[in-house]
Structures are given as C-alpha cells and as structure tokens.
Amino acid sequence: MSTTTLAVLVPLLPFLGAVAGLLLGRTAPGFVRPLAILPTLAAAVLAVTVAVRQGGGQPISTATELTPTGSVPIDLSLSIDGFAALVAVLVGVVATCVQLYSTAYLREDPRYPSYAALVSLFTSAMLLVVYSGDLMVLLVGWEVMGICSYFLVGHYWETEAARSASLKAFLVTKLGDVPFLIGLFALATDAGSFRITEILRTVAAGGLDHPTLVALLLLAGVAGKSAQFPLHTWLPDAMAGPTPVSALIHAATMVAAGVYFIARLLPVFAASAAALVVMAAMAAVTMVGSALAALAQDDIKRVLAYSTIGQLAYMTGALAVGDRGAAVFHLLSHGAFKALLFLGAGVIIHAAGTNSLAAMSRMDGLAKRIPDAFWTMTIALLALAAIPPFAGFFSKEAVLVAAEQTATGHSDLAPGAAGWLVLIAGVLTALLTAAYAARLWLMAFRGRGAAAPDHGKEPLAMTGVLWLLAVPSVAFGLAAGPLADWFDGRALTPTVATSVLGTGAAVIGAMLTYALWQRATARAATAPAAGPARTATAAEQPAAVAATVSAATAAAESAAETPEVAEVTHDHPAVPTGPAADPGRALLGPLHRHAAEGFHLDAVYDRLFVRPVRASARLVTFLDREVVETYVRGAGTGTRLLGGLVRRAQTGNVQSYLSALLAGAVVLAVATAVLANVNAGS
C-alpha cells in the first residue's frame, strides 16, 4: 500500500469510528469501546508507518481538485514533511491513550458512547489539520475541533459551570477565527491558491502585498485556538470537562493546532519583522502571566491548564525567533508529559475524591495509595520543570538557544528585540514553572493530616497508560540528535550558557518553593483547627490565618462538589478542613489574590466588551419595541379604522347607494361648472 494511501487512512479511520459509535451507541453498546479504541489505535500505527517511510526526507505531496470555484481553486491535498509526520504520531498515540484511559475513568458515565465518538471525531479533525496541504481543507478540521471542544467541555451539561465553560471556549475561539478567516482569504488572493506549497512559493518570491496585515490577522486566530494572551481566558475554565478530554485538548489537539499552523506557514510570518516582534511580545506576556497564575490556583487541573498556556507560549516564542524546529520539538515533548500530567491528575482525583490541592495537602499517605500515579507524575513534573535529563529539559533548552542566538545577533531569522523578549521571559518562566511544579507535587503527595482514603489498586487501563506516557517523558529529549532530519536538519542540542540559565532558574524556583512549603507546613501545624472542636471566634485568630483557613476550606469544598468528582470517586469522602500549607501564597504575596483570578482579565473583558454589547442589545430591543413596533402598530390601526369607516357605508340598501351616487354626480357637476366659470373669467 502506498504511503499516500496510508496517509489518507490516518484521519479517515477515527472519523469512521466516530460515525459508527454515534450510530451504534444506543442499539449495540457492546461495540462502543472497540469502536473507540481500535480505529484510533490503527490510525496511530499507520501514522508511525507514514513517519518511518517519510524519514525526514522530501515532503510527500499530492493533490486533486476538490471543487472549481471560478477563482482560487480548492484542492483536496496532502503535504507531509518531517514536522507533519511526527505531530501525527503524537496525536495518534495520545488519542489512543486517552481512549484507553476513558474506558475505566468514565465506566459509569451514561453518556460515554457519545463522548467516545466525539473524541474520535476530535482526533480525526486534528489529523486532517496536520496532513492537509490546502488551507480550506485545513480550516474544516480547525472548525470541527472547535465544535467538538464545545460538546466535550460541556459534557457535564447539567451544571452551570460546564455550560458556561463550553460556550466561553466556543465564543472566544470564534472571536479569533473571524480575522483568521479574513487572513486566509487575503493570503490565498495574493498567492492565487489555497495550497500551502504555492503560498510558500509566493512568499519566497516576495509576492505578498501586505505581509504584516496578513500575519497579524492569522496570529489572532492562532491566539484564540492556542490560548495565547489576550484570548487565553477560555482554557482554564475548560477544565469543567472530563479530565481525559483535558489531556487530549492540551497535549495533542486544538491548542497545539495554532502552533503547528504557524510552523507550517512560518515564512509568511517571517516576511514581516513587525509581526515577529508582536508574536514575541505576546509569547513573553503569556509565559510570565500564566506561570504566576498557576502558582495561585487551588484546582489541580487549573494549575495544569495555566501550565499549558505557558508552555504553548514557549513554542510561540521559538517561532517568533524563526526556529520552527525548536517549537515543534517542544510541542512533541510537551504533548507527552502534559498528557501524563492530566491523566495522572485524573487518578489523583479518582483516589482523593477532590481536585483541590488544599484538601490534598490535608491528607496523609496519598502517594502510597496511588504509587503508579505518584512516580509517573513525579517524572512528568520533572519534565515540566525542565530538569535534566528529562524530555522537557532538552526541548525547552532548544527554545532558549534559539532565542539566545537571535538576541546576540548570531541568527538573522528574526529581529534582536524578539530574541531578547523571548530569552528574558523564558528564563523567568523557567523559575516560575519549577516553582508551581514543586508546589503541586508537595501539596498533592506530601500532605499531612487525616489518612487518605484507600480504594485499592487503580484500574490497569489507567495506570498502564501512565507508564506508557512516562517513557517519552523521560527519553524523548535524547532523540533530538537522531531526529534532526525531521527538524529541518538543525541541531537542537543545548548550550552551556542556556543550560546554566534555564536549569539554574528551575533549581532556584524549586528550592525556594520547598523552603516556603516547610515554613507554611509549620505554621499550619500550629494554627487553630477549623472544625466543630474549635469554638473560639474568628477574632481570636490572626487575620491572615483566619482568611487562609476560610478560603482554603471553601475552595476545597467547592472542588469536591464538581460533577466529575462526584462521578469518578468511590464513596465521596469528606473534605478535610483546616489550614493548608500553600507556598504559593508566600511566594506571590499581595499578588496572590490577583493571580488566582487570572489577573481579572475576565472582569476587564466583561466591562470592555460584554456589558457594552448587552447594553447595545437592550437599546436595540427598546428601539424595536417602542419605535419600530409603534409605527407598525400605527399603520395597522389606521388601516383597521379606515376599514371600519368603509364598512359602515356598506349597508346593503340599494336606495342608499343610488342616493350617494346621485349626490356624487351633483357634486361633480357643480364643481365642473364652477371651474368652467373661473377659467372663463380668467
């Protein structure tokens, strides 16, 4: 079978599995799990085969005209280079792991058939984006992912949080898609084609009339899809969906699509130095802001969500300095350990009965209850913190090396200002990333208090997937050398300078967090207990301690009441109360309150956009009801009154009709005589 045929089957098999799952979900529930797993697994195997055959050599490209348009044609085309081949492998492997994991995690969910089908459709759409060689076909996959995310994030639609999160994710990403679509049309107009190869050929020949405008329009869509500032606010709220969905969205689909799109069309963005500087500034703000926000979150999934935003900013920063190899390398590395982090978080929630770190910090022995999750989460967090020799170290160093070379003038692919922005923000974010990774590990696995609930060994479908993903989280960084041909042949090895900067910052962040955690633990141990046994008033406690206890308890109780926790936990254990040892509060100080709320960006958007739109809608409603409808009602009323008057004249009496006719004739005769006399006299 030819490589082209295999490549066509890669996105097609999950799509067929999704259709079959939707059709047979109710009538033949026994087929749901095989239809969820087998097509996705087959697609992953075929993606590996395509990658091996492609081998990092010349791109595999084929096309057939899909439909004549009369102007710019739309082609059903494939364009598979080394980047596309490797990203497709990532998508297939992570999607297979998510489907396997979900069979145990959501085994009691009555809507599992539709969930599994949507995950398969989600996977198919992302694979279509990866392999597509035509921007219009790519746009189909791009938009299908948006629809799938709406349904999957809103899986627990009975709750207001899930409904609001799904709608927010859909609307915010669509807000970015409007300029994105305009940019695609502008790009195709200049190139005369939607084919990616033709567009890149046009760019190389200097055929773009407005490169900066086109690049910024496309960047708006990428910011929405890949959750970059200022359109990142939807992603933390999307944690209202099931944890396996979060793993798929964050690791291998949707948010990765924007970064991958820029990597495929990087020459379009590189044609404008201004666009690269804007991209670098966006990445720098996103990196630092998301890392600070992650330090203040209590929900373990929201910590990981902000972590994803920051890691995507690293990739965007690498693209801003013109190195798509480093960006895709970090995308692949991040996909492995972020999927592991989310699926490991699902095991923790499954065992602890809460997704609140404050509650976990008051449980003793949770690590012993779930040893598989403990060890694999430790590996993933070390990779996230970029500690050598884990995968995250090598990929993050590749980004810092690219930024350092641009900043020092050793690379002319991007302006030096972009290099300095990415380098400084990247080093600072390395420190903050290690800090929130250490905080998550300490609060989840080193809690002190009541014994954690023991429900026995977790299902093999969940723990086996964790160990499978732990392998690339450890070893993928070592593949940078052998895989150089897939990354434009450029070396991705770290340098001494960036290694010292990045690793040193990470070690400082982790050590500082550990020291603050020890101090917070000592204070929590001596603080008054928050429970029925404690009868003293809040006035007897120090204000800071009372506020901490109250906020932590409220957050823990809120997290324990989420529908996902209620569904996947065993017996809904009571949430422990009392002060939580949270080093993030000491580390952030007065900034903690603002960081916990995402620096109030939702409130800013509410005042700048939501309220004016709602006020405009109310004004339009008022004008329509009180002005437009008044004229409509007036016209109807006048016609009705006139009809009433005419109806009165219709008596049915022939004599009346003849009398009126005679009177009218007399009036006309008199009027005619008067007018004749007037005319004769004049």
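Since the model is a prediction, treat every value here as computed from it, not as a measurement.

Draft legend 1. Up close: the nonpolar core. One finds Tyr131, Phe261, Val268, Phe269 and Phe487 to be the most contacted residues of the largest nonpolar core, which totals 202 residues. Among the elements that make up this core, the one with the highest residue count is helix α15 (residues 324–352) (18 residues). Contacts of Phe269, omitting those with residues within four sequence positions, involve Ala215, Leu218, Leu219, Ile262, Ala275, Leu276 and Met279.

Draft legend 2. Structural view of the pairing of strand β2 (residues 74–80). Burial analysis of β2 places 6 of its 7 residues in the buried class, which makes it a mostly covered element. Pairing of strand β1 (residues 60–67) with β2, which is carried by 7 bridges, proceeds in the antiparallel orientation. The partner of Ser61 across the bridge, within β2, is Ser79. Two successive antiparallel strands, β1 and β2, enclose a turn made up of 6 residues, where Gly70 displays a positive phi of approximately 90°.

Draft legend 3. Molecular detail of the packing of helix α10 (residues 243–251) against helix α14 (residues 300–320). Across the interface, α10 lies against α14 with an axial gap of 11 Å and an inter-helix angle of 10°. Comparing their axes, α14 and α10 come out roughly parallel. On the side of α10, the interface is formed by Thr243, Ser246 and His250, while α14 contributes Lys301, Leu304, Ala305 and Thr308.

Draft legend 4. Summary view of the side chain of Thr308. Tracing the backbone shows Thr308 in helix α14. Separated by 2.8 Å, the side chains of Thr308 and His250 make a polar contact.

Draft legend 5. Fine view of the pattern of salt bridges. By the definition in use, this model includes 15 salt bridges. Two residues, Lys168 and Asp237, come together in a salt bridge whose shortest N-O distance is 2.6 Å. A residue pair is termed long-range when its members are at least 10 positions apart, and Lys168 in helix α6 (residues 160–191) and Asp237 in helix α9 (residues 234–237) qualify at 69 residues. Sharing partners across several salt bridges, the network here consists of Lys168, Asp237, Arg302 and Asp602.

Draft legend 6. Examining helix α5 (residues 135–153) more closely. Spanning 19 residues, α5 covers 26 Å between terminal C-alpha atoms, matching the ideal 27 Å at 1.5 Å per step. A side-chain oxygen of the first residue of α5 lies 2.9 Å from the backbone nitrogen of Met136; this N-cap is Asp134.

Draft legend 7. The arrangement of the packing of aromatic side chains in detail. Applying the stated criterion across every chain yields a total of 15 aromatic pairs. Between Trp142 and Phe261, the ring centres sit 5.9 Å apart and the planes meet at 65°, which makes this aromatic pair edge-to-face. Of this pair, Trp142 sits in helix α5 while Phe261 sits in helix α11 (residues 255–264), and the two are 119 residues apart along the sequence. On the basis of relative accessible area, Trp142 is assigned to the buried category, the value being 0%. Of the aromatic side chains, those joined through ring pairs into one cluster are Phe374, Trp375, Trp441 and Phe445. Arg33 extends its terminal NZ or CZ atom over the ring of Tyr112, reaching a point 4.7 Å from the ring centre.

Draft legend 8. Layout of the environment of Leu421. Topologically, Leu421 is positioned in helix α20 (residues 416–445). Separated by 139 residues in the primary sequence, Leu421 and Met282 have C-alpha atoms spaced 9.6 Å apart. Among all residues touching Leu421, those that are not within four sequence positions of it are Val277, Ala280, Ala281 and Ala284.

Draft legend 9. Spotlight on the side chain of Ser226. In this fold, Ser226 is placed in the loop between α8 (211–225) and α9. Overall, Ser226 belongs to the buried group, its relative accessible area being 0%. Among the polar contacts listed, one links the side chain of Ser226 to the backbone oxygen of Val255, at a separation of 2.5 Å. Separated by 3.3 Å, the side chain of Ser226 and the backbone nitrogen of Val259 make a polar contact. The contact partners of Ser226, leaving out residues within four places of it in the chain, are Val255, Ala257, Gly258, Val259 and Leu312.

Draft legend 10. Geometry of the packing of helix α3 (residues 82–105) against helix α21 (residues 460–475). Taken N-terminus to C-terminus, the directions of α3 and α21 make an angle of 155°; their axes are 8 Å apart at the nearest point. Here α3 lies roughly antiparallel to α21, going by the angle between them. With respect to the hand of their crossing, α3 and α21 are arranged in left-handed fashion. Between α3 and α21, the residues in contact are Cys97, Leu100, Tyr101, Thr103, Ala104 and Tyr105 and Ala461, Met462, Val465, Leu468 and Leu469, respectively.

Draft legend 11. Local environment of the confidence of the model for the protein. Summarising the model, the protein shows a mean pLDDT of 87, and 92% of its residues fall at 70 or more. Below pLDDT 50 for its whole length, residues 530–561 participates in 42 contacts with residues either more than four positions away or in separate chains.

Draft legend 12. Geometry of unusual backbone geometry. Omega for the bond connecting Phe229 with Pro230 falls within 30 degrees of zero, at 10°, which places this linkage in the cis form. The topology assignment puts Pro230 in the loop between α8 and α9. Here Pro388 and Pro389 are connected by a cis peptide whose omega angle stands at 5°. Following the sequence through the fold, Pro389 ends up in the loop between α18 (371–384) and α19 (391–407). Its identity is not glycine, yet His600 carries a phi of approximately 60°, on the positive side. Its place among the elements puts His600 in the loop between α26 (592–596) and α27 (601–649).

Draft legend 13. How the structure looks around α15. Here α15 spans 41 Å end to end across 29 residues, near enough to the 42 Å set by a 1.5 Å rise per residue. Along α15, 29 of the 29 residues are buried, which leaves the element largely enclosed by surrounding structure. Here α15 starts with a cap whose side-chain oxygen sits 3.1 Å from the backbone nitrogen of Gly325, and that cap is Asp323. Looking one or two residues beyond α15, the residue adopting positive phi is Gly353, at roughly 80°.

Conventions used here
- Residues numbered from 1 in each chain as written.
- Predicted model: local features only at pLDDT ≥ 70, side-chain atom pairs only at ≥ 80, totals over all residues.
- Heavy atoms only, no water.
- Core = buried A, V, L, I, M, F, W, Y, C linked by side-chain atoms within 4.5 Å.
- Buried < 20%, exposed > 50% of the residue type's maximum accessible area, 1.4 Å probe, protein only.
- Helix = DSSP H or I, 4+ residues; strand = E, 2+ residues; numbered from the N terminus.
- Contact = heavy atoms within 4.5 Å.
- Pairing = 2+ DSSP bridges.
- Axes fitted to C-alpha atoms, helices over the stretch in contact; angles between N-to-C directions.
- Parallel < 35°, antiparallel > 145°, perpendicular 65-115°, else oblique.
- Polar contact = N/O pair within 3.5 Å; in protein donor to acceptor, adjacent residues only side chain to side chain.
- Salt bridge = Lys/Arg side-chain N within 4 Å of Asp/Glu carboxyl O.
- Expected span 1.5 Å × (residues − 1).
- Phe/Tyr/Trp six-rings, centres within 6.5 Å; stacked < 30°, edge-to-face > 60°.
- Lys NZ or Arg CZ within 6 Å of the ring centre and 35° of its normal.
- Left-handed = near helix turned anticlockwise from the far one by under 90°.
- pLDDT = per-residue confidence, 0-100.

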